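# Inside the fold
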Amino acid sequence: MVRRSLLYCPGDDREMMEKAVETEADAVIFDLEDAVAPDAKIGARGTVREMLDSLDDPTPDVTVRINPYDRTGPEDVESVVGEVDSPPESVLLPKAESPETVDALAEDLDDLASEPIGVVPLIETAAGVVAAEEIAEAGGVDGVAFGDQDFTADVGATVTDDKTESLYARERIVVAAAAAGVDAFDTVYTDIRDLDGLREQAEFVVELGFDGKLAIHPDQVPVIHEAFTPTADQLGWAETVLAGQERATEEGTGAFTVDGQMIDPPLVERARTLVERAEAAGIR
């Protein structure tokens, strides 16, 4: 499952949710947390619940961001998972700071749903970054996301254009996700008019190893997809590597070379990722 873009939309706005599932985003996030005013949260649960049951095999994966689990998160889960016929593919857990909270959510999802529902912890505090490895390895996790705005506020960092203040957190989350074998998703780019800035940041986080990026506007989706789409040279290399790996398996040999480069299992996995992204982009 390739999730290059994950598009947020307010959980109390049915029209915006309907538009979101018609975009080219790989996943949409119906948001019950920050995008909804406090006095509208109970009503938003009902709106999301109705939206979920109205969907007929949507093209994007559907995720719901609940409220923190020490607040009204359990009630959100009961509503949008336990009381629907068509639950979301995953649940985004904000302010994730410990594996115990993730485990509690995963256990509740198992109790409420007949099919597995993934958990995507959103790490956006210093405590969450410190516990990133344990969080990524917790039960039910199929991706880990980074929230930059809350993180920089939590540590008291000065926000810069090149985001050096959050580089350590980003790298730690990528490493934690990779070690756990799950996806890593980068934070949102908040200036929806600055598509050039978004492109630069998306290309940078691709280099860091992220698998996708959160978005807050449909216009950001194609820019993110472009950044996560391999070039013709990259795709050619990946196809050559996979073909070489297949031959090596048939011949019972181990390592092999491509253009003089020794290819080992990590590079084979890299090649598979590039091919999957090319297929998602429709260029293969």
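What this report covers is the structure whose coordinates are included nearby. Bear in mind the structure is a predicted one, so any value in this text is a computation, not a measurement.

## Thoughts on the nonpolar core
Counting 63 residues, the largest nonpolar core has F30 and L105 as its most contacted members. For F30, the contacting residues outside a window of four places in its chain are C9, M17, V21, V48, M51, L52, L55, V62, T63, V64 and R65. By size, the runner-up hydrophobic cluster in this structure holds 12 residues, among which are V258, V268, A271 and L274.

## Some words on unusual backbone geometry
Even without being a glycine, K95 presents a positive backbone phi close to 55 degrees. Structurally, the position occupied by K95 is in the loop between β4 (90-93) and α4 (99-112). On the basis of relative accessible area, K95 is assigned to the partly exposed category, the value being 26%. A positive phi angle, close to 60 degrees, is found at K163, a residue other than glycine. Mapped onto the elements, K163 comes out in the loop between α7 (148-155) and α8 (167-180).

## Observations concerning the pairing of strand β5 (residues 118-123)
Of all 6 residues in β5, 6 are buried; the element is thus mostly enclosed. Covered by surrounding structure in β5 are G118, V120 and L122 together with V119, P121 and I123, the residues of both alternating faces. Strand direction decides the pairing type here: β4 and β5, joined by 4 bridges, are parallel. Its bridge partner lying in β5, L93 is registered against P121. Here β5 pairs with strand β6 (residues 143-146) via 2 bridges, running parallel. Considered in β6, the bridge of L122 is made with A145.

## With respect to empty space enclosed by the protein
Using the criterion set out here, one finds 1 cavity of 30 Å³ or more in the structure. Reported here for the largest cavity is a volume of approximately 40 Å³. For the largest cavity, the full set of lining residues is R3, L6, I29, T63, S90, L92, V120, A145, F185 and L214. Residue classes in the lining of the largest cavity are distributed as 7 nonpolar, 2 polar and 1 charged.

## Observations regarding the packing of aromatic side chains
In total, this model carries 1 aromatic pair according to the counting rule given. Geometrically, the ring pair formed by F146 and F151 is edge-to-face, given 5.7 Å between the ring centres and 65 degrees between the ring planes. Per residue, the accessibility class of F146 equals that of F151, and both read buried.

## Overview of the pattern of salt bridges
Tallied over the entire structure, the rule returns 24 salt bridges. With its nearest N and O atoms 3.2 Å apart, the salt bridge here joins R3 to D183. Of the two residues, R3 sits in the segment before β1 (5-10) while D183 sits in strand β7 (residues 183-186), which places them 180 residues apart along the sequence. You can call D183 buried: its relative accessible area is 18%. Between E33 and K95 there is a salt bridge, with its nearest N and O atoms 3.4 Å apart. Highlighted residues: E33 in the loop between β2 (27-31) and α2 (41-54) and K95 in the loop between β4 and α4, separated in sequence by 62 residues. Overall, E33 belongs to the buried group, its relative accessible area being 5%. A cluster of three or more residues bridged by salt bridges with shared partners is formed by D31, E33, D34, R65, K95, E124 and D150.

## A closer look at the environment of F185
Inspection of the secondary structure puts F185 in strand β7. Put simply, F185 and D39 are 146 residues apart on the chain and 30 Å apart in space, counted from C-alpha to C-alpha. Residues contacting F185, with those up to four places away along its chain left out, are R3, L6, V120, G143, V144, A145, F146, F210 and G212.

## Focus on α2
The terminal C-alpha atoms of α2, which comprises 14 residues, lie 20 Å apart, in line with the 20 Å expected from a rise of 1.5 Å per residue. Where α2 is concerned, the buried positions are K41, A44, R45, G46, T47, V48, M51 and L52. Structurally, α2 contributes buried residues whose contacts are with α1 (14-20), β2, β3 (61-65) and α3 (73-82).

## A look at the packing of helix α11 (residues 232-251) against helix α12 (residues 265-281)
One can describe the packing of α11 onto α12 by two numbers: an axis separation of 8 Å at closest approach and a directional angle of 125 degrees. Taken together, the axes of α11 and α12 are oblique relative to one another. Where α11 crosses over α12, the two elements pack in a sense that is left-handed. Contacts between α11 and α12 involve Q234, L235, W237, A238, E239, V241, L242 and Q245 from the former and L267, V268, R270, A271, R272, L274, V275 and A278 from the latter. Taken together, the residues that form the contact of α11 with α12 break down as 11 nonpolar, 2 polar and 3 charged.

How each quantity is defined
- Residues numbered from 1 in each chain as written.
- Predicted model: local features only at pLDDT ≥ 70, side-chain atom pairs only at ≥ 80, totals over all residues.
- Heavy atoms only, no water.
- Core = buried A, V, L, I, M, F, W, Y, C linked by side-chain atoms within 4.5 Å.
- Buried < 20%, exposed > 50% of the residue type's maximum accessible area, 1.4 Å probe, protein only.
- Contact = heavy atoms within 4.5 Å.
- Helix = DSSP H or I, 4+ residues; strand = E, 2+ residues; numbered from the N terminus.
- Pairing = 2+ DSSP bridges.
- 1 Å grid on protein atoms, 1.4 Å probe; cavity = no way out; pocket = protein on both sides within 12 Å on 5 of 7 lines; lining within 4 Å.
- Points joined across faces, edges and corners; volume = space filled by probe spheres on them.
- Nonpolar A, V, L, I, M, F, W, Y, C, P; charged D, E, K, R; others polar.
- Phe/Tyr/Trp six-rings, centres within 6.5 Å; stacked < 30°, edge-to-face > 60°.
- Salt bridge = Lys/Arg side-chain N within 4 Å of Asp/Glu carboxyl O.
- Expected span 1.5 Å × (residues − 1).
- Axes fitted to C-alpha atoms, helices over the stretch in contact; angles between N-to-C directions.
- Parallel < 35°, antiparallel > 145°, perpendicular 65-115°, else oblique.
- Left-handed = near helix turned anticlockwise from the far one by under 90°.

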